[in-house]
Amino acid sequence: MGLLTQLVTLPLAPVRGVAWVMDRVLEAAEDEYYDPEPIRLQLAQLERQLVAGEIDEETFDQIEDQLLDRLEEIRLHEQGGLP
């Protein structure tokens, strides 16, 4: 950018700063949402609960299906299949 352009658009600097911050927040949120590790930990905890008798097989199957669906969503996102 030239000096004249910077001077003319100076009043918009706070807007550009807010937009930059919002982009970083969105990026961090997506990174957290599409992180498979918490899902894997939940699956391991779920299996421990089943083995310990804390939940029944039907409950295990329902929750496991939901968690596996999330892992599939994450896998598709990593491959560029989801926006």
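Residues numbered from 1 in each chain as written. Predicted model: local features only at pLDDT ≥ 70, side-chain atom pairs only at ≥ 80, totals over all residues. Heavy atoms only, no water.

Per an unreviewed UniProt entry, the protein goes by the name Gas vesicle protein and belongs to Streptomyces triticiradicis.

Asks: How would you sum up the packing of aromatic side chains? Please name residues and give values.
Replies: For the coordinates displayed, the defined rule picks out 1 aromatic pair. Arranged with centres 4.9 Å apart and planes meeting at 85°, the rings of Tyr33 and Tyr34 form a pair that is edge-to-face. Judged by relative accessible area, which is 40%, Tyr33 ranks as partly exposed. A cation over an aromatic ring shows up here: Arg70 above the ring of Tyr33, its NZ or CZ 4.0 Å from the ring centre. (Phe/Tyr/Trp six-rings, centres within 6.5 Å; stacked < 30°, edge-to-face > 60°. Buried < 20%, exposed > 50% of the residue type's maximum accessible area, 1.4 Å probe, protein only. Lys NZ or Arg CZ within 6 Å of the ring centre and 35° of its normal.)

Asks: Would you mind going over the nonpolar core in detail, with residue names and values included?
Replies: It is characteristic of soluble globular proteins that their nonpolar side chains tend to be buried jointly. Listed in full, the 8 residues of the largest apolar core are Tyr34, Ile39, Leu43, Leu46, Ile55, Phe60, Leu67 and Ile74. For this core, the secondary structure elements donating two or more residues are α3 (37-51) and α4 (57-78). With residues near it in sequence (within four places) discarded, Phe60 still touches Leu46, Glu47, Leu50 and Ile55. (Core = buried A, V, L, I, M, F, W, Y, C linked by side-chain atoms within 4.5 Å. Helix = DSSP H or I, 4+ residues; strand = E, 2+ residues; numbered from the N terminus. Contact = heavy atoms within 4.5 Å.)

Asks: Give a detailed account of the pattern of salt bridges, specifying residues and quantitative values.
Replies: One pass over the structure, following the stated rule, counts 4 salt bridges. Here Arg70 makes a salt bridge to Glu73, at a shortest N to O gap of 3.1 Å. With Arg70 and Glu73 both in helix α4 and 3 residues apart, this pair spans about one turn of that helix. A salt bridge links Arg75 to Glu72, with the nearest nitrogen and oxygen atoms 2.4 Å apart. On the criterion of helical spacing, the pair formed by Arg75 and Glu72 is a turn pair, its members being 3 residues apart in helix α4. (Salt bridge = Lys/Arg side-chain N within 4 Å of Asp/Glu carboxyl O.)

Asks: Now, about a negative patch on the surface: what can you tell me, with residues and values included?
Replies: Where like charges cluster on the molecular surface, the negative patch consists of Asp56, Glu57, Glu58, Asp61, Asp65 and Asp69. For Glu58, the location among the structural elements is in helix α4. (Patch = residues over 30% accessible without salt bridge, like charges linked within 9 Å, V, L, I, M, F, W, Y side chains within 5 Å. Areas by Shrake-Rupley, 256 points an atom, 1.4 Å probe, with all protein chains shown as cover. Lys, Arg positive; Asp, Glu negative; His and termini not counted. Charge placed at Lys NZ, Arg CZ, Asp CG, Glu CD.)

Asks: Go over the environment of Ile63, please, and point to the residues and values.
Replies: Turning to its location among the elements, Ile63 is positioned in helix α4. In this structure Ile63 comes out as partly exposed when scored by relative accessible area, which is 31%.

Asks: Just give me the short version of a nonpolar patch on the surface, but keep the residues and values in it.
Replies: A cluster of nonpolar side chains, contributed by Trp20, Val21 and Val25, occupies part of the molecular surface with about 310 Å² of accessible area. Looking at the secondary structure, you find Val25 in helix α2 (residues 13-33). What makes Val25 partly exposed here is its relative accessible area of 49%.

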